[in-house]
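Fold and geometry: a report
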Amino acid sequence: MENKKEMRNWLNEFNLTHPFVIAGPCSAETEEQVLKIAHELKDSDVSVFRAGIWKPRTRPGGFEGVGEIGLKWLKKAKEETGLLMGTEVANAAHVKLALEYDIDVLWIGARTTVNPFAMQEIADALAGTKKIVLVKNPVNPDLSLWLGGVERLYNAGIEKLGVIHRGFSTYEKTKYRNIPEWQIAIELQNKFPDLPLIIDPSHITGDRNMILEVTQEALDLNYDGMIIETHYDPDNAWSDAAQQVTPTALKQIFVDLKVRKVNDVSEEFTQKMTKLRTNIDILDENLLDLLGKRMKVADEIGQVKKDANVAILQNTRWNEILGKMILEGEKKGLTEEFVLKMFKAIHQESIGHQEKVLNK
Ligand code: PEP
Ligand code: MN
């Protein structure tokens, strides 16, 4: 991995020439497990070793973490490897213990970020700390809740803040464990460009075979770092077995990842981009022009329907259009998902236009 990107605020202190990496098992299981994985990650791009000590489980009965004793193991791992240590905290008691054991990075899990009471309790317990504090996105796709968590910590005088994008839960089964909804993280990045943004491909995918692909997507979107669950025996891990990678696989991911530059100021790049962007601008104008024309026709249709006293929505006709456009779109390299979204939006606008005419 190589990185030309300018790192921001607290990340600068790491003086990295590559994205920031947090890695380690989902859960601390035994002292041997913690030490063995930490040693395998020691001489790599990893800056922070992660291990869950208190595990929030969706349903009771799962492994709920080893608790305080795990903090002793992390302390030992830090002494032996020099890696910084990170763990999840979910309440004031966790914070107190983590600080007592000098944990370097504390993160707030997705099931905690959703709860403003819990966030405030944690912010109060952490007030003024010089530790790095990272806020995972809430389980539901709500940007304000995510930002609210960050704001509570910021207001408590915590300066070394960052966010972790771990995806959002859905009722339907998808290829992801938690769908990324990239636009939410991009919006956050636009609003707070100085807040380091870290991808958690492990909890987004739930599948070790998809880690590289999702991490690459994040780096292509200028993310600052990654947190990747790593275990020497993933299949027998006590939690999140399917998504953990071995230290060897993690190091291969570092080799395979391509880090993009934020920009290139060379003449050649600028010229090529200017030409292509001019092209895009012209095409966008044409798109708007065509859409405007399409809506004028919709107005006329509205008038004809009004004169004949016919309802606006003609379901069979609409389904025919959609089916045809999906096929046409495919020929032009457009995904079915995009064609559906686009035509639904166009249809909605068209109905709005017709409704105006009908009810004039
Ligand atoms: C974890 O990092 O192991 C974890 C529990 O993550 P999340 O809060 O994203 O579910
Ligand atoms: Mn996990």
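A quick note: this is a predicted structure, and the numbers were derived from the prediction, not measured.

1. Remarks on the site of ligand 1
Taken together, Cys26, Arg50, Lys55, Glu88, Trp107, Gly109, Ala110, Arg111, Lys136, Arg166, His203 and Glu229 make up the full set of residues near ligand 1. Within the side chain of Lys136, an N or O atom sits 2.8 Å from an oxygen atom of ligand 1. The side chain of Arg166 places a nitrogen or oxygen atom 2.6 Å from an oxygen atom of ligand 1. When isolated, ligand 1 has an accessible area of 290 Å², and the protein chains bury 97% of it.

2. A short note on the coordination of the manganese ion (ligand 2)
Listed as protein donors to the manganese ion (ligand 2) are Cys26 (SG), His203 (NE2), Glu229 (OE) and Asp240 (OD); their distances from the metal cover 2.1 to 2.4 Å. Between consecutive donors of the manganese ion (ligand 2), the numbers of intervening residues give the motif C-x176-H-x25-E-x10-D. Remark: Asp240 occurs in the loop between β8 (225-229) and α11 (247-256) and His203 occurs in helix α9 (residues 201-205); sequence separation between them is 37 residues. By relative accessible area, His203 is classed as buried at 8%. Assessed through its relative accessible area of 15%, Asp240 is described here as buried.

3. Considering the packing of aromatic side chains
Two descriptors summarise a pair of aromatic rings, namely the distance from one centre to the other and the angle between the planes of the rings. Counted under the stated rule, the structure contains five aromatic pairs. Pairing Trp10 with Phe20 gives two aromatic rings, centres 5.6 Å apart and planes at 80°, and the pair type is edge-to-face. Residue Trp10 is found in helix α1 (residues 9-12), and its partner Phe20 is found in strand β1 (residues 20-24); the two are separated by 10 residues along the sequence. Given the relative accessible area of 4%, Trp10 is considered buried. Members of the aromatic cluster, each reached through a chain of ring pairs, are Trp10, Phe14 and Phe20. The side chain of Lys36 reaches across the aromatic face of Tyr232, ending 4.9 Å from its centre.

4. Describing the nonpolar core
In terms of nonpolar packing, the biggest core is built from 66 residues, with Phe49, Leu74 and Leu153 touching the most fellow members. With residues near it in sequence (within four places) discarded, Phe49 still touches Ala23, Gly24, Pro25, Val34, Ile37, Ala38, Leu41, Leu74, Leu83, Leu84, Met85 and Gly86. Leu11, Val105, Ile132 and Ile198 belong to the second-largest nonpolar core, a separate cluster that totals 12 residues.

5. Let's talk about the domain arrangement of the chain
The domains assigned to the chain are domain 1 (4-256) and domain 2 (267-358). Between the C-alpha centres of domain 1 and domain 2 there is a distance of 42 Å.

6. Thoughts on the packing of helix α4 (residues 92-100) against helix α6 (residues 116-126)
In contact at an axis separation of 8 Å, α4 and α6 are set at 30° when each is read in the N-to-C sense. Here α4 lies roughly parallel to α6, going by the angle between them. Regarding α4 and α6, the two cross each other, and that crossing is right-handed. Here α4 contributes Ala92, Val95 and Leu99 to the contact with α6, which in turn contributes Glu121, Ile122, Ala125 and Leu126.

7. A word on helix α3 (residues 68-81)
Every α-helical turn comprises 3.6 residues, leaving residues that sit three or four positions apart pointing alike. A rise of 1.5 Å per residue sets the reference length of α3, with its 14 residues, at 20 Å; its end C-alpha atoms lie 20 Å apart and thus fit the reference within 8%. Taken residue by residue, α3 has Gly70, Leu71, Trp73, Leu74, Ala77 and Thr81 as its buried positions. What you see down the axis of α3 is that its buried residues fit within an arc of 160°, all on one side. Of the surrounding secondary structure, the elements contacted by the buried residues of α3 are α2 (31-41), β2 (48-50), β3 (84-88) and α4. Looking one or two residues beyond α3, the residue adopting positive phi is Gly82, at roughly 80°.

8. A word on the pairing of strand β6 (residues 161-165)
Consecutive residues of a regular strand have side chains that alternate between opposite faces of the sheet. For β6, the buried fraction is high: five of the five residues fall into the buried class. Sheet analysis places strand β5 (residues 132-136) next to β6, joined by four bridges and oriented parallel. Bridging across to β6, Val135 finds its partner in Val163. One crossover worth recording links β5 to the parallel β6 by way of helix α7 (residues 143-155), and it is right-handed. Of the strand pairs in this sheet, β6 and strand β7 (residues 197-199) are connected by three bridges, and their pairing is parallel. Pairing of His165 across the sheet is with Ile199, part of β7.

So, how was this worked out
- Residues numbered from 1 in each chain as written.
- Chains lettered and ligands numbered in written order.
- Predicted model: local features only at pLDDT ≥ 70, side-chain atom pairs only at ≥ 80, totals over all residues.
- Heavy atoms only, no water.
- Near = heavy atom within 4 Å.
- Polar contact = N/O pair within 3.5 Å; in protein donor to acceptor, adjacent residues only side chain to side chain.
- Areas by Shrake-Rupley, 256 points an atom, 1.4 Å probe, with all protein chains shown as cover.
- Donors = N, O, S within 2.8 Å, 3.2 Å for Na, K, Ca; no water.
- Helix = DSSP H or I, 4+ residues; strand = E, 2+ residues; numbered from the N terminus.
- Buried < 20%, exposed > 50% of the residue type's maximum accessible area, 1.4 Å probe, protein only.
- Phe/Tyr/Trp six-rings, centres within 6.5 Å; stacked < 30°, edge-to-face > 60°.
- Lys NZ or Arg CZ within 6 Å of the ring centre and 35° of its normal.
- Core = buried A, V, L, I, M, F, W, Y, C linked by side-chain atoms within 4.5 Å.
- Contact = heavy atoms within 4.5 Å.
- Domains from an automatic or database assignment.
- Axes fitted to C-alpha atoms, helices over the stretch in contact; angles between N-to-C directions.
- Parallel < 35°, antiparallel > 145°, perpendicular 65-115°, else oblique.
- Left-handed = near helix turned anticlockwise from the far one by under 90°.
- Expected span 1.5 Å × (residues − 1).
- Arc of directions from axis to C-beta.
- Pairing = 2+ DSSP bridges.
- Right-handed = clockwise from strand over helix to strand, strands pointing away.

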